[in-house]
Amino acid sequence: MDAEVDRVSNLPESLIHHILSFLYMKYVVQTSILSRRWRYVWTTVSTLVFSVNEFASPGTVLHSIQMNKFTRFIDKVLLLRGISDIKRFHLHWVDNLFDTFTVRELLEDHLNAWILVSLSHNVQELLIQIDTAANYHYLEIRFPHCLFNSQSLRKLVLDLTGKVQSCALLPNSMDLPRLKFLALSSFYIQDVNSINKLISSCPVLESLVLREVWIENSDDMSISIESHELKHLEIVSESELREPEYQTAKTIRLSTPKLISFVCSAYMVQDYCLENLSSLVTATIPIRHNINYNNFPTVF
């Protein structure tokens, strides 16, 4: 091969973008120093993946300087990139801080701004994964209303996995006409009606994942899943209850005529009302006893 020929740079731009979509944005931006040809390539990529792990050595504890550097980096990327649409925006926030710097301050100052920018670029896939440390007692996230009224979103993953109570506040009005995949993980919800409204606002939803969704205690804690297009459903509630004022749903109603696969792994505390599962092909249902949280699987 001729060592003088830059074969990678001569690839079609669409193929270069596809290759870069497998990299964290830190490394995508670093390609700008390769040559004049690569100087502005990063500003037009449609897949943006940000992970705080890019700014810390493996196995080390993060510090406030690194977290600030991470947030400033995301701010600059979103500010300086072009006007092209964003296909996929993925934020992976792993927080193991043990100093006085709080995750709440950063999230309140930056998270919603990042979401709004991605929505303004017609983002199709939005994945927000926040893993918080045990030294925070409470984290309340009020997502922007336009997130749940996006006309471009096709995939939405909100994962608040962590060792604290992460309460998500949802708006009263929601409309996601193109959303096909929805996953909620480690969610504390104050009103069960907000979950029902969210599900009903997705008329073409095909895949739904509800993992560790906890609801504030009330007389009516019924989750209703009525969808004519839903094909894959996963309900998981295996973690030990962490907050006594919250519980899992008491009743789960399913009316999903096109459902093909159903995974349900939970404690024996819910009533299931199965109204229409005429297309069901596979079902995995390990139900656990919740006596002193000793798990004795019973598989049906």
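How each quantity is defined
- Residues numbered from 1 in each chain as written.
- Predicted model: local features only at pLDDT ≥ 70, side-chain atom pairs only at ≥ 80, totals over all residues.
- Heavy atoms only, no water.
- Helix = DSSP H or I, 4+ residues; strand = E, 2+ residues; numbered from the N terminus.
- Buried < 20%, exposed > 50% of the residue type's maximum accessible area, 1.4 Å probe, protein only.
- Contact = heavy atoms within 4.5 Å.
- Pairing = 2+ DSSP bridges.
- Axes fitted to C-alpha atoms, helices over the stretch in contact; angles between N-to-C directions.
- Patch = residues over 30% accessible without salt bridge, like charges linked within 9 Å, V, L, I, M, F, W, Y side chains within 5 Å.
- Areas by Shrake-Rupley, 256 points an atom, 1.4 Å probe, with all protein chains shown as cover.
- Salt bridge = Lys/Arg side-chain N within 4 Å of Asp/Glu carboxyl O.
- Lys, Arg positive; Asp, Glu negative; His and termini not counted.
- Charge placed at Lys NZ, Arg CZ, Asp CG, Glu CD.
- Polar contact = N/O pair within 3.5 Å; in protein donor to acceptor, adjacent residues only side chain to side chain.
- pLDDT = per-residue confidence, 0-100.
- Phe/Tyr/Trp six-rings, centres within 6.5 Å; stacked < 30°, edge-to-face > 60°.

### Here's the deal with the overall build of the chain
Right, on to step 1. Within the chain, the secondary structure is distributed over five helices and 17 strands.
Right, on to step 2. Looking at the 300 residues of the chain, the share that counts as buried comes to 47%.
Right, on to step 3. Contacts in the chain between residues at least 24 apart in sequence constitute 69% of all its contacts with a sequence separation of at least 6.

### Notes on the sheet that holds strand S12 (residues 251–255)
Right, on to step 1. What the three strands build is an open sheet, ordered S9-S12-S14; its pairing is parallel. Every interior strand has two partners, whereas the edge strands, strand S9 (222–226) and strand S14 (271–276), have only one. Each strand axis lies, on average, 10° off the axis of its neighbour in the sheet, ignoring direction.
Right, on to step 2. With five bridges connecting them, S9 and S12 associate as parallel partners. Bridge pairing links Ser222 to Thr251 in S12.

### Describing a negative patch on the surface
Right, on to step 1. Side chains of Glu105, Glu108, Asp109 and Glu140 sit close together on the surface and give a patch of like negative charge.
Right, on to step 2. The element best represented in the negative patch is helix H4 (residues 103–120), accounting for three residues.
Right, on to step 3. As for its position among the elements, Glu140 is in strand S4 (residues 138–142).

### Brief notes about helix H5 (residues 192–200)
Right, on to step 1. Within H5 the residues assigned to the buried category are Val192, Ser194, Ile195, Asn196, Leu198 and Ile199.
Right, on to step 2. Turning to H5, the residues buried within the fold contact strand S7 (181–189), strand S8 (207–216) and S9.
Right, on to step 3. Between the side-chain oxygen of the N-cap and the backbone nitrogen of Asn193 there are 3.1 Å, and the N-cap of H5 in question is Asp191.

### Digging into the pairing of S8
In the case of a regular strand, side chains alternate between the two sheet surfaces.
Right, on to step 1. Taking burial as the measure, the 10 residues of S8 include eight buried ones, the bulk of the element.
Right, on to step 2. Sheet analysis places S7 next to S8, joined by eight bridges and oriented parallel. The residue of S8 that forms the bridge with Leu184 is Leu210.
Right, on to step 3. Here S8 pairs with strand S10 (residues 232–237) via five bridges, running parallel. Among the inter-strand pairings, Leu210 is bridged to a residue of S10, identified as Ile235.

### A closer look at the confidence of the model for the chain
Right, on to step 1. Confidence along the chain averages 82 in pLDDT terms, with 79% of residues attaining 70 or more.
Right, on to step 2. Low pLDDT (under 50) marks residues 291–300, which in the prediction has 20 contacts with non-local residues, meaning those over four places away or in another chain.

### Considering unusual backbone geometry
Right, on to step 1. Despite not being glycine, Ser186 shows a phi value in the positive range, around 55°.
Right, on to step 2. Here Ser186 shows up in strand S7.
Right, on to step 3. A relative accessible area of 10% means that Ser186 is categorised as buried.
Right, on to step 4. The backbone phi angle of Glu212 is positive, close to 55°, even though this residue is not glycine.
Right, on to step 5. Mapping Glu212 onto the fold places it in strand S8.
Right, on to step 6. The exposure class assigned to Glu212 is buried, which follows from its relative accessible area of 8%.

### Describing the packing of aromatic side chains
Right, on to step 1. All chains considered together, the criterion is met by five aromatic pairs.
Right, on to step 2. Three or more aromatic residues joined by ring pairs make a cluster, and in this case those are Phe50, Phe73 and Phe89.

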